[in-house]
Amino acid sequence: MSQVRERDEVTTSASATASASAHYSGASLSVRWVQGFPSQNVHFVNDQTICYPSGNYVIFINLETKKKTVLQCINGIVGVVATNVPGEVVAFSDRRLKPIIYIYSFPSLTRKNKLKGDILLDYTLLCFSYCGTYLASYSSLPEFELTLWNWEANVILCKKSNPGMDVSQMSFNPMNWHQMCLSSSSAVSVWTIERSNQDHHFRTRLVKLPLEDGTFLNETDVLFPTSMQKDLIYGPVLPLSAIAGLVGEEAETFRPKDDIYPLLHPTMHCWTPSSDLYVGCEEGHLLMINTETLKVTVLQKAEEFPLPDGAQLINPLTLAYQKDGVLASGIDGVIYSFIIKDSKYQVKTFLEFDGPVAHLVFSPSYKMLLIQTDKGSVYIYTFGAEPVLDKVLDACDGKVQAVSFITPGTKYFLTLTSSGEVSILSIEDCTCTGRICLRTQATALACCPSSPSAAVGTVDGYVYFLNVIDVESPQLIHQAFLSQSPVKTLVYDQRGIFLLVGTEEGNIFVIDSRPSKSFQIFGFTETGKDILQISTVSVVESDVVEVLILSPLPEMGRSRMEYFTLPVMLPQVVPENFSDERGRLKDDFTHKYLYEVEHSLSSAVLGFAGSKIYGFCSQVPYICSYIMPVKEHTGVCVLKPHQKLQSKQYGAGTVYMSSHGLWLMTIAKCGILCIRDVFSLETFVRCRSHSHQGRGIQNMKMSMDGQNILVNGKDDNTLVYLKWKRLGANIATEIYEHSHQLVLNLSKTMETETEYLASWGNYQDVPQEETAESQKKLSVGSSQEELVVVDHKDIPWIQQKMEEAIKKEVRMFSPRRKEIKRGIKELAQIIAAMMEENEKVEAIAKLDGQEFCLDADELERLHDECEEELAKIRKDVELHNLAKSYLTELIKEECWNSMAVKGRALKCFHIPYVVDNFPMKERTEEELKELSKVMQQKKIEIECLKLRKEIVEVQSTAATMVKKHHEEEEEEEEDEEKVAKTTSLPNYLLGSLSTDFGADTSLLTSQLQLHSREEKINQIILLKDIIYNIKKTFNSEFDAAYKQKEIEIARVKEKNVRIAEIISDLELDETVWQPVFEDSEKPERALVVEDDEISFKKYIPPWQKGKAELLASHELERLQQARLSNARQRGLMDMMGGVLEVKKEDILRMTIPQPPFMAKADALWSEDERKQFKEYEKKVKELNEERDKYRKSLEAELKKLQNSIQENTQNFDEHLKRLFERRVKAEMVINQEELKINNLVFSLLLDEELSSREQFLNNYLLKKQEEKTKTSEAIQKAREDLDVFKEHHDTIVAEDKILDRSFKKEFSDISGHQVDILYKLFKRRPRVSKQKAQADVTSLVPYGDRPGSAKLNKENFAQLMKSMDELDNISNMPEGLDPSVWEHFCTTRRAKVENEYKVKQKAACLLEMTTFLRKRMEDDDAVHHEIEQVFHELVRLQDEKVRFQVNLTIQVLLKQGQVELENFQLILEYSDAILINKNIIEDLNSVIRTQGQKKVASMMESKDVHKGIYQIEWEHKKMEMEMEDLNQKAWDIQMLFFSRDRQKYLNEPNYENVIAIQIGIMEQTISVIDKNHKKNVENCKKLLKKLGKYSNQKDVANYTLSCNLREELVAVSERQDICNEIGSKLTCEKIARERYDNLMKQQKLTNISKQQAEQISILQAEVERLRMKTFPALVPM
């Protein structure tokens, strides 16, 4: 049985609410065990315990006893887990807003700390360092932050954000906690933790991975490319980031798509004892990374290894390091052993599994290997043990869908997974006793209360029935194919009489639950779709089973409940009495009633008494009860809530009823299970077993006696077993008595069904349903763990019933069908005869074909379908035409309407010349404004230049201008003409022939003066204007030619009319040549569709056809009537052939009629007839002569007209030929101008690129300067910290030395021999016994002895001090030594040992801080180097920019194709010439061009060299001047005063050590002086005390003297008065005495000054001598 740790803050039980009934007070639940399978990596806590998260719990498993221990997360689902084996602690995070990391100790499972950070959403990785109290955490979106914690002190040591970097694995170096590795599917990074005393810093280095094929890419430096070729003609070649215009941080990593190559994708990594990394990749490569140099080595196979399925490479999903190699596993389920030597490896197969292996990890002692599959199964491979492989966890195949107790629910229960795997588990310890796999997707599970059987519903509509008598080998005994709709719900009533099966279509099937009755299907009833819940009430006293079905009405926001009853005696009733032929239960038999509630419910159950319904609201958190009306009703009855209580559970929930009907259990999305009183609806037990992050609880089951509760999570796949922790005796008695009574009531049925199922195995044929004609063939293995299902196309039961009913109806109504068919056939014959008769009658009496359609509705339906289809097609065609029209309008607007001059061509009449005009768009207002602005600016510049010249000329010729004013005006006019001439540059400098087309080039700037960006832009605008004018000029000439052609065509057409008449008169076979405009000459024809271009015949509706025919008939009648009424026209036609006058052209068609007698023979003619014949011949001859004359005149006219047409068209062709040459020249000029524009645009683009590069370098420089400031500050701070720490360290070292030196002084009271013995004991240290690992463990663990942590150092120190107690024992005291001296000695020695420990700790910390300072200085040097590099690049770029601005690209016109010959006489004889292939000449020309380009390049190089020579000469002069300045500075330095201290600083190699020694000596001296000072102070204090006493005595004496002084002063004053009266006689003597004293003082002062002057001169000489002795004489250079 699993052990559950219960704590005050993590408890799974809840006391009853204040408002609950006192009957349930004190009731609570507790978690007995938790069943779940790992979805994350499994970890070792110690050598015998593993742990993994599952739902809200962390599960610990003892590998020896297989016992489980559960640790619950109080705030919901467990996130990520990490363990620390040396410290035996577990860390895990919760998944909530602002998550927290919890640290627990094992095995006590007490919380040691709670880490709160600034993470908003979730932690994705946790990792402990092997030594020390360090924990690393990595968060996901949005921070992507790596944090280093001191988990014991609950302090964040350092953190760093990595935006957008998803990390899949994180690990510390087991040999050095200062190193970490973070890997993802696209990158591997090595992180170094640098420490300075208490400050920690992250340092990141990214590993450059090879390409997918394992090769390395030679990447060029993106920021400062050095291998780029220099282009001497087109300016500097810049990096791609500058070309792209990037100036920010994105320019540092910018690469085009073509330069980005796919790299290897890392999957896992592991550390080696040498601090290297092994990295496995998706592509099958194994990499070795040196973490110091970040050098990547692709390991190669030493020999070929055959792989399964013909694979080429092993794709490792996980890696585990072992001695001399790694263990790797992949998706093929094979664990490979890689034996690595140098850069090669050998592959051996270690183990094979059925599925992919997701995780491998060694135990801390490396005696066991934990293997975790992708499904969650866990195996332990023990080296050198039998059996080698042990299965710790056997995961289910899929997610647990449902659970159910095997009646009576005290020993075993069933679980069902989504893949159809049914497992039997023990309630006591959740061990799996039996298993059967149905090999199909399952949805529902239910255990029968009246028999040891269970039912399983599937997605394909089957219900499988299982025999669970033998819990070790469950058997499939029956299956029922109900319908093709998936089974959604399976429910047995409380007495196990019926099984209710709900499908997604909304059908409820009622099945006999007894196996002995072969699970007879009684029928089905129809309800609403999407059944939410089926609830039953079947009490012992009742003879019916009440059923309630809940379904939603989402469109109305309501819920519908259908209530019906099933009689207990239903199996004994004849089926025809309770169901129809199609198997549908009769409503009058089931007494079905419909109810609705005004709000939506997610669950509803029937109460056992009072006709109550209990519902869980889905939109609002309320539990409601409803009372069904007693009276019968029809239709839908709306129920109002009888009771309404807030549930304090959020999300959609489900309501369950206990077996005795007094408890109401509710579960919801929040993951809380509440057990309520059915009468008050108050909660008396609340238990949080799951969380809302895992979408709460999916379902729950309570055993019949109410003692066992199983709760299954929805998404976390965790099964929790709850048992009563406290339950009142009365409450337990109620449900126990009810369950006992129910078991007794069902005992007889249970015995009968158990006997039947026990004997079922002896039968060879399973009883099948009579109506089932074909079912699935099943074969169950001996172990009953696998079920082989052979699928056949079975017919569902509901469809069988339907087919049987149809067959029965067919048999019943067969004669009537035949009679109807015969009548229909006769009617069809009659209709056919009537239609034939209708075809023979007249049109006015003919009926329409639709009149003969008897089924008018069907005809109308077909007509409507045709109309709908026609409308759909018409709509599609209209949309298609609309799209085409829109595209047409777009193209027309872009290419035709927007053109001010439409593009068209002009062809010659006789020669194949075609001239195109220039299509032109109208210039926009902005372009015109810009052009006018530029032109105005250029004019102003020209005027300014003119005025400057005039001012200069006026100043130089002022006198002559005054005299010759008239001549000056003439000169001004001449100057204006000269300026106008000089402003227009020559063609060879202008670079084009635009002046030939009248272009104004006076405003153009010379190509040699285009330096600034504004000038280039203005020049481009003016050049575009010139191009526009050239095109405009040519288009005007083209339009004139076009009009000329129109005129010529009109003339030819006019003459062709006469030519056609002549040809028709002469009856010639010639064709008339008629020139016309082609489509290219009139492109607007393409926009108009002519009728002859349409190949399809236009569709004309019938009504239009009839109308056109009617109009045509009316027009024909009108013309006939007009002819009949016009008598004049009829007379002219009859008498003169319709012509009043005979024209000259009619002579050729005129004939003289023969006399009628000519039909007779000549002999029979009369004289008159002969005369008439002669006249006839004469007329004929005259007519022929007239005809000949007229014919000749017509032929002459025809020739003249044709020559005229030929001449005119040829003249036009000549004109068009000249226009063609003009077009070619115009195009050449335009190309020349466009070439100049392109050169200017290129220069502007290059200028922008240079500016972008310069801006980027400036931004990069600012960034590096900020980094430099930070590194300088870091260096300063580190140096200050180091100085402060060094002072502490030196103080401790000095104290340690003082302790050593002052030892003999401390014990100066004892003899010297004893002092020597004590000093030896003083130097003696105890030996600390280190805990050595066993030899076999040391040989197995590849990492060996790893560095200890601070905690281990403290333990060692404590052990050392404990060992000191043995040395301090009185038995170790030398003989004859006083015990007090020994105690003093022990105290001194302990102080010495503690001080030595402090010195060691401080020295290690000092070394670490020195290393940190050195690294900061290296970083600072690196940043300084980068800054210098940026400065150098900026200087080089500015030089390039200046050179580019000065070195202009100009366009010069040259004559090409002319070769100067030495001999002007051309050779006309080519007899000795050789015919050479054209390709040879072209190749030679290409070589010549290449050499020419090389020559131009070499000339430019030589030009640059000459420039460089001048620059070097200038720099040489500059350096000479600098040399003179330096010499002067050197002389000044030589003359500087140089003290001995400075000399010593320069000459002494170890100046700092000398200073340190002096400082140490001075510190010792200071300490001695300090002691003396203290003694002197004390003496002074004593002396001061004595002086104070003496001072008091003197005060008394002074007071006495002051009194005497007063009296003496009175006497003196009196005597002074007397002296003043008699003292005038002594005045002369007094004056003489004063003069004598003054002379003596003067003489004395003079002697003193002479002596001091002599001493000063001596000192000056000594000073000079010492100076000359100290400093050598330096000769100036």
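Our subject is the structure listed above.
Computed from a prediction, not measured in an experiment: that's the story for all the values here.

Asks: How do you make sense of a nonpolar patch on the surface when you look at a structure like this?
Replies: Taken together, the side chains of Leu-97, Leu-120, Leu-121 and Leu-141 define a hydrophobic patch exposed on the protein surface, amounting to about 370 Å² of accessible area. Topologically, Leu-120 is positioned in the loop between β10 (111-116) and β11 (123-128). Owing to a relative accessible area of 35%, Leu-120 belongs among the partly exposed residues under this scheme.

Asks: I'm lost on the sheet that holds strand β30 (residues 378-382) in this one. Help?
Replies: In a beta sheet, neighbouring strands pair by backbone hydrogen bonds and run either parallel or antiparallel. Within the open sheet, the four strands sit side by side as β28-β29-β30-β31. Their pairing is antiparallel. Since the sheet does not close on itself, it has two edges, and those belong to β28 (357-362) and β31 (389-393), each with one partner. The mean inter-strand angle of the sheet, taken between neighbouring strand axes irrespective of direction, is 25°. Pairing geometry for strand β29 (residues 368-373) and β30, over five bridges, is antiparallel. What sits directly across from Met-368, in β30, is Thr-382.

Asks: Would you mind going over the nonpolar core with me for this structure?
Replies: What tends to happen in soluble globular proteins is that the nonpolar side chains get buried as a cluster. Ranked by size, the top nonpolar core spans 46 residues in total, and within it Val-326, Phe-338 and Ile-371 carry the most contacts. When residues of this core are assigned to their parent elements, the largest contribution, five residues, is made by strand β26 (residues 334-341).

Asks: It is not clear to me how the packing of helix α15 (residues 1167-1301) against helix α20 (residues 1379-1446) should be interpreted in this structure. Could you clarify?
Replies: Axis angle and axis distance: for two packed helices, these are the angle between their axes and the distance between the axes, and together they describe the pair. The geometry of α15 relative to α20 is characterised by a closest axis approach of 7 Å and an angle of 160° between their N-to-C directions. Overall, the two elements α15 and α20 adopt an arrangement that is roughly antiparallel. Seen along the crossing, α15 lies across α20 with a hand that is left-handed. The class makeup of the residues in the contact of α15 with α20 is 29 nonpolar, twelve polar and 21 charged.

Asks: Would you mind going over the side chain of Asp-716 with me for this structure?
Replies: Residue placement: Asp-716 occurs in the loop between β58 (708-713) and β59 (718-726). Despite being buried, Asp-716 has no salt bridge partner; Lys-399 is the closest side chain of opposite charge, sitting 7.7 Å away. In this view, Asp-716 contacts Ser-54, Gly-55, Ile-77, His-690 and Gly-694; residues no more than four positions away in its chain are not counted.

Asks: How should I be thinking about the environment of Thr-318 in this particular structure?
Replies: Relative to the helices and strands, Thr-318 is located in strand β24 (residues 316-322). Here the alpha-carbon distance between Thr-318 and Cys-281, two residues 37 residues apart in the chain, equals 9.9 Å. Here Thr-318 is in contact with Met-268, Leu-327, Ala-328, Ser-329, Val-357, Ala-358, His-359 and Leu-360, once residues within four sequence places are set aside. Among the polar contacts listed, one links the side chain of Thr-318 to the backbone nitrogen of Leu-360, at a separation of 3.4 Å.

Asks: Help me out: how do you make sense of a positive patch on the surface in this one?
Replies: Where like charges cluster on the molecular surface, the positive patch consists of Lys-1582, Lys-1585, Lys-1586 and Lys-1589. Mapped onto the elements, Lys-1589 comes out in helix α23 (residues 1551-1622).

Asks: Sorry, what's going on with the environment of Glu-1214 here?
Replies: With respect to the element layout, Glu-1214 can be found in helix α15. Note on Glu-1214: relative accessible area 42%, which makes it partly exposed. Here the alpha-carbon distance between Glu-1214 and Ile-911, two residues 303 residues apart in the chain, equals 9.4 Å.

Asks: Looking at this model, I keep getting lost on the pattern of salt bridges. Mind explaining?
Replies: Pairs may arise between side chains of opposite charge once their charged atoms sit close together. According to the stated counting rule, one finds 55 salt bridges in the structure shown. Linking Arg-514 and Asp-512 is a salt bridge whose minimum nitrogen-to-oxygen distance equals 3.0 Å. Relative accessible area serves as the criterion here: at 25%, Arg-514 is assigned to the partly exposed category. With a closest N to O distance of 2.9 Å, Glu-1248 and Arg-1013 form a salt bridge. On the criterion of sequence distance, the pair formed by Glu-1248 in helix α15 and Arg-1013 in helix α12 (residues 1013-1066) is long-range, its members being 235 residues apart. Relative accessible area serves as the criterion here: at 39%, Glu-1248 is assigned to the partly exposed category. In the salt-bridge network here, residues are joined through shared partners; they are Glu-194, Arg-203, Arg-1416 and Asp-1419.

Asks: Mind showing me how you'd approach the side chain of Arg-1223 here?
Replies: You can see Arg-1223 is positioned in helix α15. Of note is the side chain of Arg-1223, whose polar atom sits 2.5 Å from the backbone oxygen of Asp-916. Those residues within four positions of Arg-1223 in sequence are excluded, and the remaining contacts are Val-915, Asp-916, Asn-917, Phe-918 and Phe-1034.

Asks: I would appreciate a short explanation of the sheet that holds strand β22 (residues 296-298) in the present structure.
Replies: The antiparallel open sheet is built from four strands, whose spatial order is β19-β20-β21-β22. Edge positions in the sheet fall to β19 (266-271) and β22, since each of these pairs with one other strand and no more. The average undirected angle you get between the axes of adjacent strands in this sheet is 25°. For strand β21 (residues 286-290) and β22, the ladder comprises three bridges, and the chain directions are antiparallel. The residue of β22 that forms the bridge with Leu-287 is Val-298.

Asks: Can you help me understand the packing of aromatic side chains in this one?
Replies: Each aromatic ring pair is described using two quantities: the centre-to-centre distance and the angle formed by the ring planes. The tally for this structure, following the rule as stated, stands at 34 aromatic pairs. With a centroid separation of 3.8 Å and an interplanar angle of 15°, the aromatic rings of Phe-465 and Phe-519 are classed as stacked. Of this pair, Phe-465 sits in strand β38 (residues 462-467) while Phe-519 sits in the loop between β42 (507-512) and β43 (521-526), placing them 54 residues apart in sequence. The burial state of Phe-465 is the same as that of Phe-519; both residues are buried. Judged by centre distance (6.4 Å) and plane angle (90°), the rings of Phe-524 and Trp-797 are edge-to-face.

The rules behind these values
Residues numbered from 1 in each chain as written. Predicted model: local features only at pLDDT ≥ 70, side-chain atom pairs only at ≥ 80, totals over all residues. Heavy atoms only, no water. Patch = residues over 30% accessible without salt bridge, like charges linked within 9 Å, V, L, I, M, F, W, Y side chains within 5 Å. Areas by Shrake-Rupley, 256 points an atom, 1.4 Å probe, with all protein chains shown as cover. Salt bridge = Lys/Arg side-chain N within 4 Å of Asp/Glu carboxyl O. Helix = DSSP H or I, 4+ residues; strand = E, 2+ residues; numbered from the N terminus. Buried < 20%, exposed > 50% of the residue type's maximum accessible area, 1.4 Å probe, protein only. Pairing = 2+ DSSP bridges. Axes fitted to C-alpha atoms, helices over the stretch in contact; angles between N-to-C directions. Core = buried A, V, L, I, M, F, W, Y, C linked by side-chain atoms within 4.5 Å. Parallel < 35°, antiparallel > 145°, perpendicular 65-115°, else oblique. Left-handed = near helix turned anticlockwise from the far one by under 90°. Nonpolar A, V, L, I, M, F, W, Y, C, P; charged D, E, K, R; others polar. Lys, Arg positive; Asp, Glu negative; His and termini not counted. Contact = heavy atoms within 4.5 Å. Polar contact = N/O pair within 3.5 Å; in protein donor to acceptor, adjacent residues only side chain to side chain. Charge placed at Lys NZ, Arg CZ, Asp CG, Glu CD. Phe/Tyr/Trp six-rings, centres within 6.5 Å; stacked < 30°, edge-to-face > 60°.

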